[in-house]
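# An overview of the molecular structure
So the chains spell out like this:
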Amino acid sequence: MSTLKELCAGLPLNPLPVNRGRDPKVPHAPVRTPALSPQEEKLALRNALRYFPPSLHATLAAEFAQELRQYGHIYMYRFCPPISMRFSSIIMCNGSVSQFPQELVTYGGNGQVFSNWAQFWLVLHYLSEMSEEQTLVLYSGHPLGLFPSTPSSPRAVITNGMVIPNYSSRDEYEKMFALGNTMYGQMTAGSYCYIGPQGIVHGTTLTILNAGRRYLGSGDLRGKVFVTSGLGGMSGAQAKASVIAGCVGVIAEVDEAPLKKRHAQGWLMEVTSDLDRCISRIREAKRCKIPLSLGYHGNVVDLWERLVKEYEATGDLLADLGSDQTSLHNPFSGGYYPAQLALHQANRLILRRQVRAINKLAEAGMFFWDYGNAFLLEAQRAGAEVNKGGAGKTEFRYPSYVQHIMGDIFSLGFGPFRWVCTSGDPHDLAETDDIATTVLEDISTSVSESVRQQYNDNIRWIRQAGKHDMVVGSQARILYSDQKGRVSIALAINRAIAEGRVSAPVVISRDHHDVSGTDSPFRETSNVYDGSAFCADMAVQNFVGDAFRGATWVALHNGGGVGWGEVINGGFGLVLDGSEEAGRRARMMLNWDVSNGVARRCWSGNKNAYDTIQRTMEEQSQLRVTMPFHVQDEQLLDGALQG
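Remember, predicted model here, so these are calculated numbers, not experimental data.

Scanning the protein for helices and strands turns up 23 helices and 17 strands. For 643 residues, the compact-globule estimate of 2.2 N^0.38 gives 26 Å, and the C-alpha radius of gyration of the protein, at 24 Å, lies within 12% of that figure. Looking at the protein as a whole, 59% of its 643 residues qualify as buried. Look at the contacts in the protein between residues 6 or more apart in sequence, and 70% of them connect residues 24 or more apart. For the protein, the exposed surface amounts to about 25900 Å²; the carbon and sulfur share of it is 52%.

And the structure:
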C-alpha cells in the first residue's frame, strides 16, 4: 500500500491488513492509566467495534481488548499503514512529523491527530469524495460524516475535547479517551495545522530576544546563558532558538532518545552527561561569547542544584535566563520525571527541589519565566514556593512569558501566522519567503517603533530560516505578524498564485497560541487583569467568526499547552488558490481573526491593545469597537465601597 489513491479508498477490510502490532523501531506514547471498571472496559470495546461490520468483530475484539489493557487505549495498530506519510496531504504531514506516530500523537506527549486508525482512514476517504456543497464534521477525531452546506461554508468543522465543564477533569479525560469519546488535540495537532517544530523555534527565538531586551537591557545576547529543560516535540526548539538568538542555551533532557534526535538533526551542537563537563563548557562559552546549544543528558533538577552550588562556592552566577519546557501539562504520563523518584511518588515531591534551586538563583539575579507549560501552576499544586503575596489567581512569584514578554506583542496584534505550500516544492516556499519579506519591508516604513522592531525581528527570521533547515514535513513557513502584515502577505501570495509565480494553492493558518485564538488564564490571557482571564468567549467567538467569514476549515479545542480543562483554543485553515474569492475571504477573515483579540485585550485595560484597535478603526470604517473609560482616581473606588 503506497499510493494516496489507496489510502483514500476507505477502511481496508477485505482482506484485513496483517496485524503487525507496535513497531519497536519508533518511539511510543506512555501507557495510559484510565482505571476503567469491567463495565467501562466492555463499553470501550463495544465503541471501538462500531467502525467495523459484525463479521469482523470476532477477529478484532480480542486484539482490541489486549490493546486496551496493555496500553490504556484502543489505537487499532492493525490499521496503521506501513508507509512513510509525507507530503501527500496536510493531515498526513501531521502524521509524518509525529512524536509518537503509531499512537497518532503529533506533539506534547498526548496531542492527538486522531484517536484511532479507523478515523484516519475514514477522514481521508470522506475528503477524497466530498463536494463544495458538503462539510465534514469531526467530533474529537471521529468523522461524524459529510453534511450538506454551501460553497462559502467551511469544508471541515472540528471540535476536540468539548466536555461539559463540571466533567472536564484529568481523571474523567482518561476515561473518556479510553472509551473513544473525546480526544486531546493539543493546539495544532487535532486541527491539522502542525508544521513541525519550526513554529516553536520561531516563537522561542522571539521570546529569548525579547526576554533579553526586558530583563538584561539588550537584544545582544552574546555571552548570556539560558538554562531550561526538555528536548521533545515542542521543547526541542529551545536548542535551535538559543543559537539563532546568539546566546548559550543549556537544555537538560532525561530521555536519551529525543536528545540523540536533536543532536543528529543538528539543532543540538553538543551533548554531555557529565555535570563537570557541562559547567566547564558553560564557563568557556560565556567567556568567549560564542553561541552554543549544549544538551545535558540528565535531570534538570541536578543541573539547577549544581548551578546553585557553583554560585555559592565561587560567586559566579552562570545562568542569566531560565525557564522550563517539559510537558508539565501532562506531568504523570511521562511529561516530567522527578529526580530519583518513581512516578507514584511524584504526587508529593514533584518540582519542589527544582523550584528551591531556581529561587536561590533568582535571588542572585537570574531571570526566570514560566514558558506556558503550566510549570508554575503544577509547582503551586505540588506545594513548591512559587506563590506571590497579594496576587491574583494567574500571578505567581515568576511571570509567565506572556505576562512579561509576549503579552505586549499579542496586544499589538502580532502572533504566529503561517502558510503551507501544497505543491511540496521548495521553490514555492522560497518565493513566498521573498514575498513576505518584501511586504514587511514595505509596510514597516509607516508604523510605530515598537511595531517596526517586531517587523525587523521577523524579517531577520525569514532570511535566516532557510539557512537553519527549518522545514520538517510540509514546505511551510511561520512568522509573527500583525493584522496589516497578515492580510498584506496573504493577498500578495494569492496574487503570486494567480500569476503563476507560485505553482499551486497555499494554505494560510496560524498557531492557536495567538492574539485571539486562545483563552488560557495561565498562558495566552495571563496578562488580562479585569477578571475575565478564566472566560472563553474570545476563543469561541473566533472559531465561529472565522467559520462564516471564509475559513476553509475551523477547529475548537479544550486543552492545549497548559493542559486539559485549563484552556479553550481554536484555529483555522484557509486555502489561497489565486482567485478573487480567495482574496476576499482572506481579507475578511484575517481582519476579524486579529481584531477580535485586540478588542478584547483593549476592553481588559491593555494600553497597547487600546492604541492598536484605535488605529485599526481609523483604517476600517466598518469596524466599531466598544472602548473602555478607565477609572482615573482609584481612591474613588475605596470611598464608594467604604460608604
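For the rest of this paragraph, the subject is empty space enclosed by the protein. Using the criterion set out here, one finds 6 cavities of 30 Å³ or more in the structure. Size it by volume and the largest cavity reaches roughly 100 Å³. Around the largest cavity, the lining is made up of 15 residues, and of these Asn 47, Ala 48, Asn 116, Leu 179 and Gly 180 lie nearest the centre. When residues of the lining of the largest cavity are traced back to their parent elements, those giving at least two are helix H2 (38-49) and helix H6 (170-178). If one sorts the elements of the lining of the largest cavity by residue count, H2 sits on top with 3 residues. Partitioning the lining of the largest cavity into residue classes produces 8 nonpolar, 6 polar and 1 charged.

Our next topic: the sheet that holds strand S10 (residues 321-322). Spatially, the 6 strands line up as an open sheet ordered S8-S9-S7-S6-S10-S11, and their pairing is parallel. The open sheet is flanked by strand S8 (270-272) and strand S11 (367-368), the only strands paired with a single partner. Packed onto the sheet, helix H8 (residues 237-245) meets strand S6 (225-229), strand S7 (248-253) and strand S9 (292-297) and runs at close to 170 degrees relative to S6.

With that settled, the discussion passes to the pairing of S7. Along S7, 6 of the 6 residues are buried, which leaves the element largely enclosed by surrounding structure. Both faces of S7 are covered, namely the face carrying Val 248, Val 250 and Ala 252 and the face carrying Gly 249, Ile 251 and Glu 253. Where S6 meets S7, 5 bridges bridge the pair, whose relative direction is parallel. What sits directly across from Thr 228, in S7, is Ile 251. Taken together, the 6 bridges between S7 and S9 define a ladder with parallel strand orientation. Among the inter-strand pairings, Ala 252 is bridged to a residue of S9, identified as Tyr 296.

Attention now moves to the environment of Asp 320. Mapping Asp 320 onto the fold places it in the loop between helix H11 (300-314) and S10. You can call Asp 320 buried: its relative accessible area is 12%. Sequence separation between Asp 320 and His 630 is 310 residues; the distance between their C-alpha atoms is 37 Å. Sequence-distant contacts of Asp 320, that is, excluding residues within four places in its chain, are made with Leu 216, Gly 223, Lys 224, Val 225, Lys 286, Met 366 and Phe 367. Among the polar contacts made by the side chain of Asp 320, one reaches the main-chain amide nitrogen of Val 225 at a distance of 2.8 Å.

As paired elements, strand S3 (residues 134-139) and strand S4 (residues 142-148) share 6 bridges and run antiparallel to each other. Each residue of the ladder has a partner; that of Leu 136, found in S4, is Leu 146. The loop that links S3 with its antiparallel partner S4 comprises 2 residues; one of these, Ser 140, has a positive phi angle of about 45 degrees. Relative to strand S5 (residues 156-160), S3 is paired through 4 bridges, and the arrangement is parallel. Looking at S5, one finds that Leu 138 is bridged to Ile 158.

Below, the discussion takes up the UniProt feature "domain: Urocanase C-terminal" (unreviewed entry) in the protein. Within the UniProt annotation, "domain: Urocanase C-terminal" (unreviewed entry) is assigned to residues 408-614. Along residues 408-614 the backbone is 48% helical and 17% strand, and the end-to-end C-alpha distance reaches 16 Å.

For the rest of this paragraph, the subject is the packing of aromatic side chains. Applying the stated rule across the entire model yields 24 aromatic pairs. A centroid spacing of 5.6 Å and a plane angle of 45 degrees characterise the contact between Tyr 75 and Tyr 77, whose relative ring orientation is tilted. Its relative accessible area of 1% is what places Tyr 75 among the buried residues. Residue classification places Tyr 77 among the buried positions, given a relative accessible area of 3%. Measuring from centroid to centroid gives 6.2 Å for Tyr 173 and Tyr 184, while their planes differ by 65 degrees, and the two rings are edge-to-face. You can see Tyr 173 sitting in helix H6 and its partner Tyr 184 sitting in the loop between H6 and helix H7 (198-216), a full 11 residues away along the chain. By relative accessible area, which is 1% here, Tyr 184 ends up buried.

Counted under the stated rule, the structure contains 39 salt bridges. Among the salt bridges present, the one from Arg 353 reaches Asp 302, with a minimum N-O distance of 3.7 Å. Linking Arg 353 in helix H14 (residues 352-363) with Asp 302 in helix H11, this pair joins segments that are 51 residues apart in sequence. Ionic pairing is found between Glu 581 and Arg 584, a salt bridge with its closest N-O pair at 2.8 Å. Of this pair, Glu 581 and Arg 584 are both found in helix H21 (residues 580-603), 3 residues apart, which corresponds to roughly one turn of the helix.

Parameters and conventions
Along each chain, the written sequence defines residue order, and numbers are assigned to residues from 1. With the structure being a predicted model, the display of local features is reserved for residues of pLDDT at least 70 and the display and counting of side-chain atom pairs for 80 or more, all residues being used for whole-chain, interface and lining totals. To obtain the side-chain values, all non-hydrogen atoms of the structure were included, while hydrogens and water were left out. Here a helix means four or more residues in a row that DSSP labels H or I, a strand means two or more in a row labelled E, and each is numbered from the N terminus. Between the two quantities, the radius of gyration covers C-alpha atoms and the globule rule is 2.2 Å times the number of residues to the power 0.38. Note on classification: 1.4 Å probe, protein chains only; a residue is buried when its accessible area is under 20% of the maximum for its type, exposed when over 50%, partly exposed between these limits. By definition, residues are in contact when any of their heavy atoms lie within 4.5 Å. Surface exposure here means Shrake-Rupley accessible area, sampled with a 1.4 Å probe, where a residue is shielded only by the protein chains that are shown. Put simply, the grid is 1 Å and covers the protein atoms alone, a cavity is a trapped set of points that fit a 1.4 Å probe, a pocket is an open set with protein on both sides within 12 Å along at least five of seven lines, and lining residues have an atom within 4 Å of a point. Grid points are joined across faces, edges and corners, and a volume is the space filled by probe spheres set on the points. Note that Gly is not counted as nonpolar here; it falls among the polar residues with everything else outside the nonpolar set of Ala, Val, Leu, Ile, Met, Phe, Trp, Tyr, Cys and Pro and the charged set of Asp, Glu, Lys and Arg. A pair of strands is treated as paired once DSSP finds two or more bridges between them. All axes are obtained by fitting lines to C-alpha atoms, using only the stretch in contact for helices, and the reported angles, taken between N-to-C directions, cover 0 to 180 degrees. Residues adjacent in sequence count toward polar contacts only when both atoms are side-chain atoms; beyond that, a polar contact is any pair of N or O atoms within 3.5 Å, and within protein one must be able to donate a hydrogen and the other to accept it. UniProt positions are given in the numbering used here, feature names are shortened, and annotations may be inferred rather than shown by experiment. Each Phe, Tyr or Trp ring, with Trp reduced to its six-membered ring, pairs with another whose centre is within 6.5 Å; inter-plane angles below 30 degrees give stacked pairs, above 60 give edge-to-face pairs, and intermediate values give tilted ones. One side-chain nitrogen of Lys or Arg within 4 Å of one carboxyl oxygen of Asp or Glu is enough to make a salt bridge.

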